[in-house]
Amino acid sequence: NLEAPEIPVYSVKGHKEIINSIDGVGGLGIGEGAPEIVTGSRDGTVKVWDPRQKDTPVANMEPVQGESKRDCWTVAFGNAYNQEERVVCAGYDNGDIKLFDLKTMSLRWETNIKNGVCSVEFDRKDVNMNKLVATSLEGKFHVFDMRTQHPTKGFASVSEKAQKSTIWQVRHLPQNRDIFMTSGGAGSLHLWKYEYPAQRSKKDSEGAEMGVAGSVSLLQNVTLSTQPISSLDWSPDKKGLCVCGAFDQTVRVLIVTKLNKV
């Protein structure tokens, strides 16, 4: 509560090691269902919390017995389009991406992008899963079309080598979810647009539906700092207004113009 910041609304000792990432959903019209929080930690676990249930997570995703624990760097909610559906996507230091279905409490899909996953974000949390962007340690990002899941091949994707350094974060424009910004280790911001293919799905040789990936185009890029830009967020109210934080301990407020013409 920003009116009384000295007393937290909710506080819990959640993990044994550092918490790398946190995301929220539900309540206030952002997604359906309970106002839950998800955390990802160096201890290898991903936990979902409901502030109304003190001290105990409502879901706990951890390595199975015998499986080595991986450092979870990023988490994101998605698919929260009604009261029952909800997924959590988690990215790990070894390149693993795991999609957990909270309705069935099961691992719905997993893949590996060969480099540490720094950031994952759905284009919107409160719709049927549509697109997911994952950024990596080695300057590449992947856009997955989440509308069609093939039984063996999973989701179709397109990848782009954006820059030579780490892509710390991805954030979709709230007013147009086909536009997103990536922030880089070289102090730069890149603005991208996703173009859908003529057909988003097709049948394979055995008649199963499989997704078709689109393409990504660079709209604009700018270098703001000599240090990595590690965090970024768009204004939900003012189109094009965003704020970013960097390792040079500077917070910058930016305005991106001409987004109506893209």
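It should be emphasised that the depicted structure is a prediction, and the values quoted were computed from it without experimental measurement.

Rules used in this analysis
- Residues numbered from 1 in each chain as written.
- Predicted model: local features only at pLDDT ≥ 70, side-chain atom pairs only at ≥ 80, totals over all residues.
- Heavy atoms only, no water.
- Helix = DSSP H or I, 4+ residues; strand = E, 2+ residues; numbered from the N terminus.
- Polar contact = N/O pair within 3.5 Å; in protein donor to acceptor, adjacent residues only side chain to side chain.
- Contact = heavy atoms within 4.5 Å.
- UniProt positions renumbered as here; feature names shortened; annotations may be inferred.
- Pairing = 2+ DSSP bridges.
- Axes fitted to C-alpha atoms, helices over the stretch in contact; angles between N-to-C directions.
- Phe/Tyr/Trp six-rings, centres within 6.5 Å; stacked < 30°, edge-to-face > 60°.
- Buried < 20%, exposed > 50% of the residue type's maximum accessible area, 1.4 Å probe, protein only.
- Lys NZ or Arg CZ within 6 Å of the ring centre and 35° of its normal.

> Please set out the side chain of Ser21 residue by residue, giving values where relevant.
Turning to its location among the elements, Ser21 is positioned in strand β1 (residues 19-25). A polar contact is formed between the side chain of Ser21 and the backbone nitrogen of Val75, at a distance of 3.1 Å. When neighbours within four sequence positions are excluded, Ser21 is seen to be in contact with Val38, Thr39, Gly40, Trp73, Thr74 and Val75.

> Could you give me a rundown of the UniProt feature "repeat: WD" (unreviewed entry) in the protein, with the residues and numbers involved?
Per the UniProt entry, the sites bearing "repeat: WD" (unreviewed entry) are residues 37-50 in this numbering. With 0% helix and 64% strand, residues 37-50 has end C-alpha atoms that lie 6 Å from one another.

> Which residues make up the sheet that holds strand β13 (residues 167-173), and what are the values?
The sheet built from four strands is open, its strands ordered β13-β14-β15-β18 with antiparallel pairing. Of all strands in the sheet, those bounded by a partner on one side alone are β13 and β18 (215-223). For this sheet, the mean inter-axis angle between neighbouring strands, taken without regard to orientation, is 25°. As defined by bridge partners, strand β15 (residues 188-195) adjoins β18 across eight bridges and the pair is classed as antiparallel. Within β18, the residue paired with Lys193 across the bridge is Ser217.

> A description of the packing of aromatic side chains should follow, citing residues and the corresponding values.
The description of an aromatic ring pair rests on the distance of the ring centres and on the angle between the ring planes. The tally for this structure, following the rule as stated, stands at six aromatic pairs. Summarising the aromatic geometry, the rings of Phe141 and Phe180 are spaced 5.5 Å apart at their centres and angled 90° between planes, so their arrangement reads as edge-to-face. Within this pair, whereas Phe141 is found in strand β11 (residues 140-150), its partner Phe180 is found in strand β14 (residues 176-184), the two being separated by 39 residues in sequence. Judged on exposure class, the residue Phe141 and its partner Phe180 are both buried. What links up through ring pairs into an aromatic cluster is the set Trp109, Phe144 and Phe155. Here Arg86 stacks its cationic end above the ring of Phe77, 5.8 Å away from the centre of that ring.

> An account of the environment of Asn79 is requested, with residue identities and associated values reported.
Its location among the elements puts Asn79 in the loop between β5 (72-78) and β6 (87-92). Taking the C-alpha atoms as reference points, Asn79 and Met129, separated by 50 residues in sequence, lie 4.9 Å from one another. Discounting residues that sit within four places of it in the chain, Asn79 has contacts with Glu85, Arg86, Val87, Arg108, Lys125, Val127, Asn128 and Met129. A polar side-chain atom of Asn79 sits 2.9 Å from the main-chain amide nitrogen of Met129.

> A description of the side chain of Glu85 should follow, citing residues and the corresponding values.
Counting through the fold element by element, Glu85 comes out in the loop between β5 and β6. Owing to a relative accessible area of 13%, Glu85 belongs among the buried residues under this scheme. Among the polar contacts listed, one links the side chain of Glu85 to the side chain of Lys103, at a separation of 3.1 Å. In this structure Glu85 touches Asn79, Ala80 and Lys103, once residues within four positions along its chain are discounted.

> Can you tell me about the pairing of strand β21 (residues 251-255), naming the residues and giving the values?
Only one face of β21 is buried, namely the one carrying Arg252 and Leu254, since none of Val251, Val253 and Ile255 on the opposite face is buried. Sheet topology places strand β20 (residues 241-246) next to β21; five bridges connect them, and they run antiparallel. Counted as the bridge partner of Leu241 is Ile255 from β21. With antiparallel pairing between neighbouring strands as the criterion, β20 and β21 make up a hairpin whose turn holds four residues, including Gln249 at a positive phi of roughly 65°.

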